[in-house]
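If you want the building blocks of each chain, they are given just below.
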Amino acid sequence: DTAMARLATAANPAGVVAVCRIQTPVLAQVLMGVDLAVGLWQASDPGNVGTIIRTADAAGAGAVTV
């Protein structure tokens, strides 16, 4: 609530601060120059995905694709 109050300008914000367009990069560009990458297929549990991303980062992975 505190963060929303600081970010939103409306008196009663609807819970959305920004709407952003997500670009879909070309896989070849993402993997260019990357020695270690992790690819996920049909990942459904956000907690597990977060753990995999943190583990990939700790292992030095240059990319994680979903």
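As the structure is a prediction and not an experimental result, all values here were calculated from the model.

(A) Here's a closer look at the overall build of the protein chain. Scanning the protein chain for helices and strands turns up three helices and two strands. Relative to the globule expectation of 11 Å for 66 residues, the C-alpha radius of gyration of the protein chain, 17 Å, shows a markedly less compact shape. The proportion of buried residues among the 66 residues of the protein chain is 11%. A fraction of 55% describes how many contacts in the protein chain between residues 6 or more apart in sequence connect residues 24 or more apart. Roughly 5800 Å² of accessible area belongs to the protein chain as shown, and the carbon and sulfur atoms make up 56% of that amount.

(B) Summary view of the confidence of the model for the protein chain. Mean pLDDT over the protein chain works out to 88, with 98% of the residues at or above the 70 mark. Here helix α1 (residues 2-7) stands out as the least confident element of the protein chain, with mean pLDDT 77; strand β1 (residues 37-39) is the most confident, with 96.

(C) Region of interest: helix α3 (residues 46-58). Taking 1.5 Å of rise per residue, 13 residues should cover 18 Å, and α3 covers 18 Å from first to last C-alpha, within 8% of that figure. Within α3 the residues assigned to the buried category are V49, G50 and A56. Buried residues of α3, viewed axially, fall in a sector of 130 degrees; they line one side. Among the exposed residues of α3, those pointing more than 90 degrees away from its buried face are R54 and A58. The elements touched by buried residues of α3 are β1 and β2 (63-65). With a side-chain oxygen positioned 2.8 Å from the backbone nitrogen of G47, the residue opening α3 is D45. G60 sits one or two residues past α3 and shows a positive phi near 90 degrees.

The rules behind the values
- Residues numbered from 1 in each chain as written.
- Predicted model: local features only at pLDDT ≥ 70, side-chain atom pairs only at ≥ 80, totals over all residues.
- Heavy atoms only, no water.
- Helix = DSSP H or I, 4+ residues; strand = E, 2+ residues; numbered from the N terminus.
- Rg over C-alpha atoms; globule rule 2.2 N^0.38 Å.
- Buried < 20%, exposed > 50% of the residue type's maximum accessible area, 1.4 Å probe, protein only.
- Contact = heavy atoms within 4.5 Å.
- Areas by Shrake-Rupley, 256 points an atom, 1.4 Å probe, with all protein chains shown as cover.
- pLDDT = per-residue confidence, 0-100.
- Expected span 1.5 Å × (residues − 1).
- Arc of directions from axis to C-beta.
- Polar contact = N/O pair within 3.5 Å; in protein donor to acceptor, adjacent residues only side chain to side chain.

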